[in-house]
Amino acid sequence: MRRPVALLTGAGLVLFLLVILVPFWWIASMSFKTYEQIQFAVSIYVPKPFTWENYVGLWTETRFPLWLRNSLVTALVVTATTTVVASLGGYAVARLRFPGRESVASLILILYLVPPALLFIPLYRVLAELGATNHLSALFLAYPTFTVPFCTWLLIGFFKALPDELEEAALIDGASRATAFLRVLLPLAAPGLVASAIFAFTLSWNEFLYALVFIQDEKSITVPVGLNLLIYGDVFHWGQLMAASVITTIPVVALYVFIHRWMVEGLVAGSVKG
Amino acid sequence: MAVGRTAGVPAVRRRAPSWGRARRREAGTALLFLLPLFILVVGLIIYPFYRAIWLSLTDKLVGYPERFVGLRNYAYLIADDTFHEVVKNSLVFTVASVALKVVTGLAMALVLDNLVRGRNFFRGLFLLPWITSTVIIALTWRWMFDAFPGRGFFNSVLLDMGLLNRPIAFMATPAGAMAAVVVANWWRAFPFFGVSFLAGMQSIPRELYEAASVDGASAGRRFWHITLPGLKHVIIVTTLLSFILTINDFNIIYVMTRGGPGTATQVFATYSYEVAFNQLRWGRGVTISIFAVPLLVIGIALISRYLLRGSR
């Protein structure tokens, strides 16, 4: 009775592993191939000879290091602002009583579901009027429009799950709301804050549409936009592009390995409850 | 509320004034804490949205002042053949990839749920596509479908297996290009479905399965009568969420096909970008994304109903 289920599970596991890993392996192996090896289809599946020349070329011949710096600065600034705004808002909605609390919670959920593709044209106009386009500051302002609703929604859940007694004890001892929030609740919500920060970082790191529309100056573009310049140039730098993909994916994967369990919990919390 | 009706007991006197003050102070703190969020939301989401509606009523061209034209942009698009194709493409793209995601997500969740060891490890590994940059995913799939054997994975494999004698240019035909963008979108998001469904499966009480086994129900019947009904809520929410995100997808299509060949894969977001930034017709460009709003509103209303009900 159990045999067919076990067999099916094993076969399914192998199939899913192939489906998921083949594209990653294709990226990685391409990044270690020489230009000639790719161009003349020599030993298609493995890099032979194995070379680092794409990585060296990417680092010395293109503006990739600059793009990487821009992406990093943007992601860090956005993560910091998002964490502050979302933890304050999430705390207020989860723990304070005030009229219209339910409506604020619904508003946050609705905003989290509004796709960036709806707003890029008017947002571009608003940012242009603020004089913020063509510079990373456009992204500092634009990215919180999707990171903040998402992270606030996530943190409302985390704050709601904390026991009431601790905060009440602090308030009875004469602490103000602000002190109770900073000293008692924030440390307790640390796992939630880390998960939310990593989401904000990843979303900013990978964002493409706003970065493409709001910034034309090649000195201020981020990695995803830069990658597209590598293909639509006159020469096709396949190997370099794949090397760039490897370098860009590593930081996110590293963060993710570190918090994967919390991240999964946060991810599914919204859709599974109830 | 019910106090007044309780016989013999006078309505409870209002609490001491200090309590009311504490309550007002709490509301004040809440306002203060929510202020940064409100500024952001009003300034960078609600105000731009209002501007979008206004722009859609003008004939704004880049470099010219906007002129009010009423519903002319809407009328133009309703009569426009290209826009009809965009609507059709958006729906085909979305329905096909969301359907694929549900089916493979269920299969993935079943496989993980039946694993005796290493479930967390494989769940983490399977989520990798979901955290990888969409641009990188789109570039990779673009090459995997490339006609050139040294770069295109599928052509290399099919040629080596002797199933082809010359490479196929998948991305050059309308149907092939559509299939390619659907596959890339599916690959990126199905692990999210799998993980959500797995969490749903694990919250179904084990006793139900045990009782069914005792009664002699086969694995297939247990799946049909216990697992699927137990997952109903998760499936609905995940599907709606994915529907909203997919129908507004920009990255995958822009990077893989730019809406081509011709307009075969042009969808709401890419067409809106094309009209606004290549043809420089901002009014019309905005109107295209506004046409997706009714679908969006329905999706959002349904999800909110499910999620807010769940959280209370």
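Along each chain, numbering runs from 1 in the same order as the chain's sequence is written. Each chain is given a letter, starting from A, and each ligand a number, starting from 1, according to the order in which they appear as written. Given that this is a predicted model, residues contribute local features only at a pLDDT of at least 70 and side-chain atom pairs are listed and counted only at 80 or more, while totals for whole chains, interfaces and linings are drawn from all residues.

What chain A contains, in helices and strands, is 14 helices and zero strands. Seen in sequence order, chain A has helices and strands lined up from the N terminus as α-α-α-α-α-α-α-α-α-α-α-α-α-α. Partly exposed residues are those whose C-beta has more than 12 but fewer than 20 other C-beta atoms within 10 Å; with 20 or more the residue is buried, with 12 or fewer it is exposed, and the C-beta atoms are placed from the backbone. Each of the 274 residues in chain A was classed as buried or not, and the buried ones make up 47%. Within chain A, counting contacts between residues at least 6 apart in sequence, those at least 24 apart form 77% of the total. Only DSSP runs of H or I covering at least 4 residues are called helices, and only runs of E covering at least 2 are called strands; the numbering of each starts at the N terminus. Think of it this way: build a C-beta for each residue from its backbone, and any pair within 7 Å is a contact.

With that settled, consider the overall build of chain B. Within chain B, the secondary structure is distributed over 14 helices and zero strands. Of the regular secondary structure in chain B, the N- to C-terminal order runs α-α-α-α-α-α-α-α-α-α-α-α-α-α. Relative to the compact-globule value of 20 Å for 312 residues, chain B shows a C-alpha radius of gyration of 26 Å, a clear excess of over 25%. By principal-axis analysis of the C-alpha atoms, chain B measures approximately 95 × 75 × 30 Å. A total of 312 residues make up chain B; the buried ones form 44% of that total. A separation threshold of at least 6 residues defines the contact pool for chain B, and within that pool the share at least 24 residues apart is 66%. For the radius of gyration, the atoms used are the C-alpha atoms, and the globule rule reads 2.2 Å times the number of residues raised to 0.38.

All right, on to the packing of helix α5 (residues 101-113) of chain A against helix α8 (residues 144-161) of chain A then. Residue and element names in this part refer to chain A. α8 packs onto α5 with a crossing angle of 135 degrees between their chain directions and a minimal axis gap of 8 Å. On the basis of the axis angle, α5 is oblique to α8. Here α5 and α8 pass one another in a crossing that is left-handed. Residues A105, I108, L109, L111 and Y112 of α5 pack against P149, F150, T152, W153 and I156 of α8. Under this scheme, a helix contributes an axis fitted over its contacting stretch, all axes are lines through C-alpha atoms, and angles between N-to-C directions fall in the 0 to 180 degree range. We call two directions roughly parallel when the angle between them is under 35 degrees, roughly antiparallel when it is over 145, roughly perpendicular when it lies between 65 and 115, and oblique otherwise. When the near helix sits turned anticlockwise from the far one by under a right angle, the crossing is termed left-handed; a clockwise turn instead gives a right-handed crossing.

Glancing now at unusual backbone geometry. A cis amide bond links B:G260 with the next residue in sequence, B:P261, at an omega value of -5 degrees. With respect to the element layout, B:P261 can be found in the loop between α11 (251-256) and α12 (268-278). For A:N134, which is not glycine, the phi torsion reads 65 degrees and is therefore positive. Within the fold, A:N134 resides in the loop between α6 (120-129) and α7 (136-142). Despite not being glycine, B:L280 shows a phi value in the positive range, around 65 degrees. Locating B:L280 in the fold gives a position in the loop between α12 and α13 (282-291).

To continue, consider the environment of B:G285. Note that B:G285 resides in helix α13. Residues B:G285 and B:Y271 lie 14 residues apart in sequence; the distance between their C-alpha atoms is 7.6 Å. Once residues within four sequence positions are removed from consideration, B:G285 is found in contact with A:I121, B:S272, B:V275 and B:A276.

Glancing now at the packing of α8(A) against helix α11 (residues 190-206) of chain A. Each pair of packed helices can be summarised by the angle the axes make with each other and by the distance between the axes. All names here are of chain A. Remark: α8 packs on α11, axes separated minimally by 10 Å, with the N-to-C direction vectors making an angle of 160 degrees. As far as their axial angle goes, α11 and α8 are roughly antiparallel. The chirality of how α8 crosses α11 is right-handed. For the pair α8 and α11, the contacting residues are F146, T147, F150, C151, L154, L155 and F158 in the first and G192, A195, S196, F199, A200, L203 and S204 in the second. Grouping the constituent residues of the contact of α8 with α11 by class yields ten nonpolar, four polar and no charged. Side-chain classes are defined by residue name, with Ala, Val, Leu, Ile, Met, Phe, Trp, Tyr, Cys and Pro counting as nonpolar, Asp, Glu, Lys and Arg as charged, and the others, Gly among them, as polar.

The next point concerns the interface of chain B and chain A. At the junction of the two partners, chain B supplies 77 residues and chain A supplies 71 residues. It is helix α1 (residues 17-56) of chain B that provides the largest number of residues to the side of chain B that touches chain A, a total of 18 residues. Its residues assigned to classes, the side of chain B that touches chain A comprises 51 nonpolar, 21 polar and five charged.

Here we come to the confidence of the model for chain A. pLDDT gives the predictor's per-residue confidence on a scale running from 0 to 100. Scored by pLDDT, chain A has a mean of 86; 92% of the residues are at 70 or more. Scored below 50 in pLDDT, residues 270-274 of chain A shows 17 contacts in the model against residues more than four places distant or in partner chains.

Residue and element names in this part refer to chain B. Residues of chain B with pLDDT of at least 70 account for 93%, and the chain-wide mean is 87. Averaged over each element, pLDDT in chain B is lowest for helix α14 (residues 293-311) (80) and highest for helix α3 (residues 81-114) (95). Interface confidence in the predicted complex, given as ipTM, is 0.88; pTM for the same model is 0.88.

What follows concerns the domain arrangement of chain A. Residue and element names in this part refer to chain A. Each domain's limits were defined by an automated method or a database of domain assignments. One can read the domain layout of chain A as domain 1 (1-60) and domain 2 (62-272). Placing the centre of domain 1 and that of domain 2 at their C-alpha centroids yields a distance of 31 Å. Opposite the twelve residues of domain 1 that make contact, domain 2 presents eleven residues. Mapped by element, the contributors of at least two residues to the side of domain 1 that touches domain 2 are α1 (2-31), α2 (35-39) and α3 (53-61). With five residues, α3 is the largest single contributor of residues to the side of domain 1 that touches domain 2. Here the side of domain 1 that touches domain 2 is composed, by residue class, of eight nonpolar, three polar and one charged.

Residues and elements named next belong to chain A. Within the fold, L155 resides in helix α8. As a C-alpha pair, L155 and A94 span 61 residues in sequence and 8.5 Å in three-dimensional space. Residues within four places of L155 in sequence aside, it is in contact with A86, S87, G90, G192 and S196.

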